[in-house]
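Report on the structure
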Amino acid sequence: MIRLSAIGDSLTRAQLSADYLAPLSALMPGRVSTSRLAANGDFAWNLLQRLDEVVSTPADLVTVMIGTNDARASLPGFALDRWKKRKQLPTEPSPGWFEDCLGRVVDRLRSETDAEIGLASIPVLGQDLKASPAEASARYSAIIADLAASNGVVYLPVHERQVAELAAEQPAAVPYEEMTVPGFLAMLAERRILGRSLDTISDRRGLLLTVDHVHQNSKGAALIAETLEAGLLRRH
């Protein structure tokens, strides 16, 4: 049995996003057990602060998918002051700070665990590949790819897999909107009061891979699972 620790933010915690660990396990039935070590809203700095739990959890493989919120912080409309306070960030997010924090995460995982490490690029923000949100996710994914190469760990091209899917399907360029508190409450009402699934909400909004331009629907989650299985688990 392969022991996998998946660490990251809300995309990995899978309360607001479709779960990618369930389809990942289904791709390797009876061969993988998963530990979900994730927190909603985390930036790379937050992940760095809570690595004690990660290094103390026995694992053969550790996958890291973080950076979506760091990338979002560079976009107009992101409630930076509110998120800085909520996540107790000591400074404003930036590409350089993200690279430093993620590099320190990798250093500690390499020095304090025997697990093989896989760094996943982040899913595409929005679905217009020419718009600034998608460009921001591409920029941060490039940082992740460079870190993986310089540290000799496995790179898992989630972003590239989703770009290929969007390019092939060519969905409508639905304008990107940051999730607001009223928007979050409206989505919560759709799920809990109207009983709509994440995929139903996604379809109603004309979104191919996400529910709200950020969190994944089942198709987006399945692409993540396939990328992790092909790039890391299949080798074991």
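Heads up: the structure comes first, above all this text.
These lines cover the structure that appears in this document, whether it is placed above or below. From a predicted model like this one, the values you see are computed outputs, not experimental measurements.

Of regular secondary structure, the protein chain possesses twelve helices and five strands. The C-alpha extent of the protein chain, read off along each of the three principal axes, is 45 × 40 × 35 Å. Residues classed as buried in the protein chain amount to 52% of the 236 residues present. Within the protein chain, one finds 25 positive and 29 negative side-chain charges whose respective centroids are separated by 5 Å.

Turning our attention to the environment of Q162. For Q162, the position within the fold is in helix α9 (residues 158–169). The buried category is assigned to Q162, whose relative accessible area is 1%. Sequence separation between Q162 and G220 is 58 residues; the distance between their C-alpha atoms is 7.5 Å. If we ignore the near neighbours within four places in the chain, the residues touching Q162 are P123, V124, L209, Q216, G220, L223 and I224. Within the structure, Q162 has its side chain in polar contact with the side chain of Q216 (distance 2.8 Å).

Here we take up the nonpolar core. If you look at the biggest cluster of nonpolar residues, it comprises 42 residues, and the most contacted ones within it are I7, L51, V64, F98, L102, L109 and L119. No other element matches helix α7 (residues 95–112), which puts seven residues into this core. Not counting chain neighbours up to four residues away, the residues in contact with L119 comprise V64, L102, V106, I144, L147, A148, V153, V154, Y155 and L156.

Taken in spatial order, the five strands of this open sheet run β2-β1-β3-β4-β5, and their pairing is parallel. Each of the sheet's edge strands pairs with one partner strand only, and the pair in question is β2 (32–38) and β5 (154–156). Strand-to-strand twist of the sheet, defined as the mean angle between neighbouring strand axes without regard to direction, takes the value 25 degrees. Relative to β2, strand β1 (residues 2–8) runs parallel, the two sharing seven bridges.

Let us look at the layout of surface pockets. It is the rolling of a water-molecule-sized probe over the atoms that shows where space remains empty. What the largest pocket holds in volume is close to 310 Å³. Lining the largest pocket are 16 residues, and of these L16, W83, R86, M179 and F184 sit closest to its centre. Looking at the lining of the largest pocket, the elements with two or more residues in it are α5 (68–72), α6 (80–86) and α10 (181–192). In the lining of the largest pocket, the residues fall into six nonpolar, six polar and four charged. Counted as a void, the second largest pocket has a volume near 190 Å³. Every residue lining the second largest pocket is listed: V174, P175, E177, E178, M179, T180, G183, R205, L207, V211, D212 and H213. For the lining of the second largest pocket, the per-class residue count stands at five nonpolar, three polar and four charged.

With that settled, the discussion passes to the pairing of strand β3 (residues 61–65). For β3, the tally of buried residues reaches five of five residues, placing the bulk of the element in the interior. With burial as the criterion, each face of β3 is covered, one bearing L61, T63 and M65 and the other bearing V62 and V64. Alignment of β1 against β3, held across five bridges, turns out to be parallel. From the neighbouring strand, I7 faces β3, where its bridge partner is V64. When β3 meets strand β4 (residues 116–120), the two strands line up parallel, connected through four bridges. Residue pairing for β4: L61 is matched across the bridge by E116.

So, how was this worked out
- Residues numbered from 1 in each chain as written.
- Predicted model: local features only at pLDDT ≥ 70, side-chain atom pairs only at ≥ 80, totals over all residues.
- Heavy atoms only, no water.
- Helix = DSSP H or I, 4+ residues; strand = E, 2+ residues; numbered from the N terminus.
- Buried < 20%, exposed > 50% of the residue type's maximum accessible area, 1.4 Å probe, protein only.
- Lys, Arg positive; Asp, Glu negative; His and termini not counted.
- Charge placed at Lys NZ, Arg CZ, Asp CG, Glu CD.
- Contact = heavy atoms within 4.5 Å.
- Polar contact = N/O pair within 3.5 Å; in protein donor to acceptor, adjacent residues only side chain to side chain.
- Core = buried A, V, L, I, M, F, W, Y, C linked by side-chain atoms within 4.5 Å.
- Pairing = 2+ DSSP bridges.
- Axes fitted to C-alpha atoms, helices over the stretch in contact; angles between N-to-C directions.
- 1 Å grid on protein atoms, 1.4 Å probe; cavity = no way out; pocket = protein on both sides within 12 Å on 5 of 7 lines; lining within 4 Å.
- Points joined across faces, edges and corners; volume = space filled by probe spheres on them.
- Nonpolar A, V, L, I, M, F, W, Y, C, P; charged D, E, K, R; others polar.

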